[in-house]
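# Geometric and topological summary
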Amino acid sequence: MQTCVSCRVKNNGMIAIYQHPNGLDEMFHSITDIKVQPEEHLCVPCYDDLKVAYRFKQRCIQNTAPRLSSRAKRRHMLLQTRASLVVVRMFTQRMINLFRNRP
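Fair warning: this is a prediction, and the values are worked out from it, not measured in the lab. (Residues numbered from 1 in each chain as written. Predicted model: local features only at pLDDT ≥ 70, side-chain atom pairs only at ≥ 80, totals over all residues. Heavy atoms only, no water.)

## Details of the overall build of the protein
Within the protein, the secondary structure is distributed over two helices and four strands. Ordered by position from the N terminus, the helices and strands of the protein form the series β-β-β-α-β-α. Evaluated residue by residue, the protein yields a buried proportion of 17% over its 103 residues. Counting only contacts in the protein whose residues sit at least 6 apart along the sequence, the fraction spanning at least 24 positions is 43%. Accessible area of the protein: about 8300 Å², with a carbon and sulfur share of 57%. (Helix = DSSP H or I, 4+ residues; strand = E, 2+ residues; numbered from the N terminus. Buried < 20%, exposed > 50% of the residue type's maximum accessible area, 1.4 Å probe, protein only. Contact = heavy atoms within 4.5 Å. Areas by Shrake-Rupley, 256 points an atom, 1.4 Å probe, with all protein chains shown as cover.)

Written out as structure tokens, the structure reads:
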């Protein structure tokens, strides 16, 4: 008799998730942040829940990507602008120091 790694129910006919051909161990880790051990299994209801949760997560990631990429672009532009301002300040300070030290 096997125990479900998620709900702890004991039953026969559990689904072995470690190194499953459909990547169930990776799905489980992606959703729970828990690494699957070789002897761990899922019951059918928890397996169904895992698939739903994983699909939901993937859909959110896919639909959020365009928004994040535009946000990332704005952040990159801001960082470039800040870096340019630092260079301008450094150059200005050097020029001031050069003119102050002129004979």
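## Overview of the pattern of salt bridges
Summed over all chains, the structure comprises one salt bridge. In this structure, Asp48 engages Lys51 in a salt bridge whose closest nitrogen and oxygen atoms are separated by 3.9 Å. Here Lys51 and Asp48 lie together in helix α2 (residues 44–100), a separation of three residues that amounts to about one turn. Looking at Asp48, the relative accessible area reads 34%, which means it is partly exposed. (Salt bridge = Lys/Arg side-chain N within 4 Å of Asp/Glu carboxyl O.)

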